[in-house]
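Chains, contacts and geometry: an overview
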Amino acid sequence: MKTFSRKDAKAQSRTSERDRLFFAPLRLCGKTVLAIIIALSPSATLAQTPSSSYLFNDSHFHLTNYIQEGSDIHDFLKIMGNKAGRVALFGIPLQQQWSYRIDEDRAPTYYLNSDAPLYYYSFTDAWIATSYKSLSKEDQARFDPMITGFNPTDMYAADHIRRVLTAFPGVFSGIGEFSIHKEFVSAKIAGEVGSLQDKALDRLIDFATEVGLVVLIHNDVDVPFAKPGAEPAYAAQMMALLKRHPDTTFIWAHIGVGRIIRPVKEQAAIVETIIKDPQLRNVHFDISWDEVAKYIVATPEATKNAAALVNRYPERFLFGTDEVAPATQEKYLTVYNQYEPFWKLLTPAASEKVRKQNYERIFNEARRKVRAWEASRLKSNSGG
Ligand SMILES: [Zn+2]
């Protein structure tokens, strides 16, 4: 059928490419090559390589895209190779609808491709859990899966998270990346627009905190095309939200910056205010996304200022790629490489923290807490 031909062709070429990569070497010279492949497989590499040889842990990675397609997790392990040690793994909670009335045969693959709405796609959590469970124990240790498939305007969102933990115990370390205010996205989501002042958001964060899940939240600090000189639109609401949840381990994605939501001077001040507030000591920032890297390396002055802030408070920042289902390792490393001038200005200790140690500290703690919550819950269930 004409409508599906493009996708079919794409899927076909992906499969044959995969076959070529996997099986071609085997055809060459049998057992010896197979042994080499096993020796070079990501898990074997992980076991043999001290963590210091990795470039980074990735606190922000999407295995699937806005139409819920993406990389096979086994292929992605090869892409991580010996560059990424551990990865916080999630899909995207929103599905771009393909509306034939609007887009006819132009199947949209990104939210900017279509006027048709986005909707919450809860199955993403089952997809991520199932992908993770298809890995060996050793390979699983390299991932921290996250729950994203909830509608944060729904008081029942917390119940969805609980249900996912119950269905897939031993898997998840956090929730997110989920978005409240996000340029070009929030307004496209079917149903109510998210709000930082929504009781439903407090309820789901309270539940995540009780379990020990890391909360990775995307919220632009401002609206697009803000009036010059005006207070960033969502700064006060965001601060209030963080303050209402002092015991939650937050990661504020992209330091609150967007594609056109600029890192206004005020944002550096907001970040520093948060960092200095002892009540907000559990709030961290990820520097993921090529759009964020673009601003940080835009001028030597911008890079210097960002590096100075991170050198002052190295515990509070995490590297992430925000890549979405990258096809090659080169693509996967784009953001890391883009930050080259920034890495050079960090002290060795700060660089280690941002690239690796903060991730390990935060996600090891989350794993410990969530597993303990699951264990006590399962016990109390079986005990009646
Ligand atoms: Zn993201």
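In this report, the structure presented in the accompanying data block is examined. Since the structure is predicted, the reported quantities are computational estimates derived from the model, not experimental observations. (Residues numbered from 1 in each chain as written. Predicted model: local features only at pLDDT ≥ 70, side-chain atom pairs only at ≥ 80, totals over all residues. Heavy atoms only, no water.)

Moving on to the overall build of the protein. Counting secondary structure elements, the protein contains 16 helices and 11 strands. Burial statistics for the protein: of 384 residues in total, 50% are counted as buried. Intrachain contacts of the protein at a sequence separation of at least 6 include 81% that bridge at least 24 residues. Accessible area of the protein: about 18000 Å², with a carbon and sulfur share of 58%. (Helix = DSSP H or I, 4+ residues; strand = E, 2+ residues; numbered from the N terminus. Buried < 20%, exposed > 50% of the residue type's maximum accessible area, 1.4 Å probe, protein only. Contact = heavy atoms within 4.5 Å. Areas by Shrake-Rupley, 256 points an atom, 1.4 Å probe, with all protein chains shown as cover.)

Right, let's get into the sheet that holds strand E11 (residues 323-324). Spatial ordering of the open sheet is given by E10-E9-E8-E7-E6-E5-E2-E1-E11, a layout of 9 strands whose pairing is parallel. Both outer strands of the open sheet, strand E10 (317-318) and E11, are each paired with one neighbouring strand and no more. Taken together, the 2 bridges between strand E1 (residues 56-62) and E11 define a ladder with parallel strand orientation. Following the sheet pairing, Phe 61 is matched in E11 by Glu 323. Docked against the sheet, helix H8 (residues 199-211) engages strand E6 (174-179), strand E7 (214-218) and strand E8 (250-252), running at close to 155° with respect to E6. (Pairing = 2+ DSSP bridges. Axes fitted to C-alpha atoms, helices over the stretch in contact; angles between N-to-C directions.)

All right, on to the pattern of salt bridges then. For the structure on display, the rule yields 16 salt bridges. Across the pair Asp 277 and Lys 243 runs a salt bridge whose closest N-O atoms are separated by 2.5 Å. Placement of the pair is Asp 277 in the loop between helix H10 (265-276) and strand E9 (283-286) and Lys 243 in helix H9 (residues 235-244), with a sequence separation of 34 residues. For Asp 277, a relative accessible area of 15% translates into the label buried. Between Lys 331 and Glu 323 there is a salt bridge; the shortest N-O distance is 3.0 Å. Here Lys 331 falls in the partly exposed class, since its relative accessible area comes to 42%. The exposure class of Glu 323 is buried, given its relative accessible area of 7%. A cluster of three or more residues bridged by salt bridges with shared partners is formed by Arg 86, Asp 144 and Arg 367. (Salt bridge = Lys/Arg side-chain N within 4 Å of Asp/Glu carboxyl O.)

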